Amino acid sequence: MPVQKLQIACAGLGRMGKRHALHFLNRTPRADLVAASSPDDSEIAWAKVHLEPFGVRLYKDFDEMIIQEGLQAVVIASVTTVHAEQAIKGIEAGLHVLCEKPLSTSVEISQTVVDAANKNPHLKVMCGFSRRFDPSYRDAYSKMDSGMIGRPSIFRSQTCDKLDPSGFFVAYAEFSGGIFVDCSIHDIDLALWFFGQDSQVKSVVASGITAVQPELRKHKDRDNAVGIVEFYGGKIAHFYCSRMMAAGQDDATEIIGTEGKLTVNANPSLNLVGIYQGGHNAGIRREIPGDYYGRFEQAFVVEANEFTEAVLDNKKLPMKLSGAVQAVSIGCALQESLNTGEKIWFDETGRRVERAAL
């Protein structure tokens, strides 16, 4: 009897789209990448070399792709501005959906994806928060959940990208939602995972600078920012995001509990090789990943395989889709505080209030 394989398509073939496409093509044994789409001629040209020879049908139009006969699922890695629209179209076409983060830079639009998914409970719809599939974060969560560090009270996490002098992130800032929505969204999702998805925000406050790319200010964004989120129940999360790391990707997390703490990637390293040098480079050092994918490549592969398994075996997804809306909501509030300089308060139902009302 032939092994059942998930017939999946990939929407968008940019930086992450190429990676998702290749993961489902080459590194997800129970899936067959059967189609891919992009409105961009250069991305289609790439796909003609790397995808089409392996039987992947190419489209310039997403709407045409999702009605391909036999298609069961779609991974959405298009530009952020169409994530929600394409996810909803995929759901309405009867497809299982894996959507790159964020669902949208708007809380309200993100919620429309959740609403569409709720109307189709037989479909698996997941937002791709890749760190939840990283073995180190999973190990840290398991240890915390076992009571090893007591009650988690402080969560400190950072996403620090290597400086890209090309100006890519300046142009990207026009529609990215800002550094907290784009960059810190993974750290925010981790905080909700470790503190509990039902955690309620009490206040947010943020501050930032443009240390190397002052042009970001025209998009109301920064290249370095710090945000503090206080939750009801005596918990605080501290987020640092940066676009100017000199050495490479520097993502790290610290979970501090009443009886100990856990760290993930506190001393970043590309691998286990130590470099011992003399001369003008005298010292002992290790190299670190050059970008986000270099750090989390395997997590993306696990994500693809577990999504496929959830669809084929009708298993529960590892996270609730509503959590993606929570993460965007917090990211948007931090971005607003960054630009207004004001601290934002919420009551225990999540409604914004004046400080005096608390």
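Residues numbered from 1 in each chain as written. Predicted model: local features only at pLDDT ≥ 70, side-chain atom pairs only at ≥ 80, totals over all residues. Heavy atoms only, no water.

Engineer: Run through the overall build of the protein, naming residues and quoting values.
Structural biologist: The helix and strand inventory of the protein stands at 11 helices and 16 strands. Since a compact globule built from 358 residues should have a radius of gyration of about 21 Å, the 21 Å found for the protein is in line with a globular shape. Considered along the principal axes of its C-alpha atoms, the protein spans approximately 65 × 55 × 45 Å. Within the span of the protein, comprising 358 residues, buried residues form 52% of the whole. Considering only contacts within the protein whose residues lie at least 6 apart along the sequence, 72% involve residues at least 24 apart. Summed over all atoms, the accessible surface of the protein reaches about 16,500 Å², with 51% contributed by carbon and sulfur. Between the centroid of the 38 positive side chains of the protein and the centroid of its 44 negative side chains there is a distance of 4 Å. (Helix = DSSP H or I, 4+ residues; strand = E, 2+ residues; numbered from the N terminus. Rg over C-alpha atoms; globule rule 2.2 N^0.38 Å. Buried < 20%, exposed > 50% of the residue type's maximum accessible area, 1.4 Å probe, protein only. Contact = heavy atoms within 4.5 Å. Areas by Shrake-Rupley, 256 points an atom, 1.4 Å probe, with all protein chains shown as cover. Lys, Arg positive; Asp, Glu negative; His and termini not counted. Charge placed at Lys NZ, Arg CZ, Asp CG, Glu CD.)

Engineer: For the pattern of salt bridges, give the residues involved together with the corresponding values.
Structural biologist: Enumeration according to the criterion identifies 23 salt bridges in this entry. Here K48 ties to E52 by a salt bridge, and the two come within 4.0 Å at their closest N and O atoms. Under the relative-accessibility criterion, E52 is labelled partly exposed at 36%. The salt bridge involving E309 is made with K315; its shortest N-O contact spans 2.3 Å. You can call K315 partly exposed: its relative accessible area is 40%. (Salt bridge = Lys/Arg side-chain N within 4 Å of Asp/Glu carboxyl O.)

Engineer: Which residues make up the state of the cysteines, and what values do they have?
Structural biologist: Throughout the structure, instances matching the rule amount to zero disulfides. Here C160 is not disulfide-linked; the sulfur of C183 is the nearest cysteine sulfur, at 7.2 Å. Using a relative accessible area of 0% as the deciding quantity, one classes C160 as buried. Left without a disulfide partner, C183 is nearest to the cysteine sulfur of C241, which lies 5.4 Å away. (Disulfide = S-S within 2.5 Å.)

Engineer: So, the environment of G278: which residues are in play, and what are the values?
Structural biologist: Assignment of secondary structure puts G278 in the loop between β13 (275–277) and β14 (283–285). Taking C-alpha positions, G278 is 32 Å from V212, a pair spaced 66 residues apart along the chain.

Engineer: Describe helix α1 (residues 15–26), listing the residues and the values that go with them.
Structural biologist: Taking 1.5 Å of rise per residue, 12 residues should cover 16 Å, and α1 covers 17 Å from first to last C-alpha, within 8% of that figure. For α1, the full list of buried residues reads M16, G17, H20, A21, H23, F24 and L25. Taken together, the buried residues of α1 touch β1 (6–11), β2 (31–37), α2 (41–50), β4 (73–76), β5 (96–100) and α10 (292–312). (Expected span 1.5 Å × (residues − 1).)

Engineer: How would you summarise the packing of aromatic side chains if you had to cite specific residues and measurements?
Structural biologist: The final tally for this structure, using the stated rule, is 11 aromatic pairs. Measuring from centroid to centroid gives 6.5 Å for Y137 and F296, while their planes differ by 25°, and the two rings are stacked. Taken together, the residues Y137 in helix α6 (residues 135–145) and F296 in helix α10 connect sequence positions 159 residues apart. Of the two residues, Y137 and F296, neither departs from the other in class, the shared state being buried. Taking 6.0 Å as the distance between ring centres and 35° as the angle between the ring planes, the aromatic pair formed by Y293 and F300 counts as tilted. For the residue pair Y293 and F300, the accessibility class agrees, reading buried in each case. Put simply, the rings of Y141, F155, W193, F194, F195 and F231 pair up and form one aromatic cluster. Here R243 stacks its cationic end above the ring of F169, 4.0 Å away from the centre of that ring. One Lys or Arg, R355, reaches over the ring of W345 and ends 4.2 Å from the middle of that ring. (Phe/Tyr/Trp six-rings, centres within 6.5 Å; stacked < 30°, edge-to-face > 60°. Lys NZ or Arg CZ within 6 Å of the ring centre and 35° of its normal.)

Engineer: Now, about the pairing of strand β7 (residues 152–162): what can you tell me, with residues and values included?
Structural biologist: In terms of burial, β7 is a largely internal element, eight of the 11 residues being buried. Both β7 and strand β11 (residues 252–257) contribute to a ladder of six bridges, which runs antiparallel. Its bridge partner lying in β11, R156 is registered against E254. (Pairing = 2+ DSSP bridges.)

Engineer: Mind laying out the sheet that holds β7, listing which residues take part and the relevant values?
Structural biologist: Overall, mixed pairing links the eight strands, which are arranged β12-β11-β7-β10-β9-β8-β15-β16 in an open sheet. Each edge of the sheet is formed by a strand with only one pairing partner; in this case those strands are β12 (260–264) and β16 (352–353). Both strand β9 (residues 224–231) and strand β10 (residues 235–245) contribute to a ladder of eight bridges, which runs antiparallel. Across the sheet, G227 pairs through a bridge with F239, a residue of β10. Contacts between helix α11 (residues 322–340) and the sheet are confined to β8 (201–209), β9, β10, β15 (344–346) and β16, with β8 contributing the most and set at about 50° to the helix. (Axes fitted to C-alpha atoms, helices over the stretch in contact; angles between N-to-C directions.)

Engineer: Mind laying out the side chain of S130, listing which residues take part and the relevant values?
Structural biologist: In this fold, S130 is placed in the loop between β6 (125–128) and α6. Non-local contacts of S130, meaning those with residues more than four positions away in its chain, are made with H186, Y292, A299, F300 and E303.

Engineer: Before we move on, can you summarise the sheet that holds β4 with the specific residues and values?
Structural biologist: Reading across the sheet, the six strands line up as β3-β2-β1-β4-β5-β6 and stay open at both edges, with parallel pairing between neighbours. In this open sheet, the two edge strands, each paired with only one partner strand, are β3 (57–59) and β6. Between one strand axis and the next, the sheet turns through 20° on average, direction left out of account. Sheet topology places β4 next to β5; four bridges connect them, and they run parallel. Opposite V75, over in β5, you have L98 as the bridge partner. Along the sheet face, helix α4 (residues 83–92) touches β1, β4, β5 and β6 and points at about 170° away from the line of β5.

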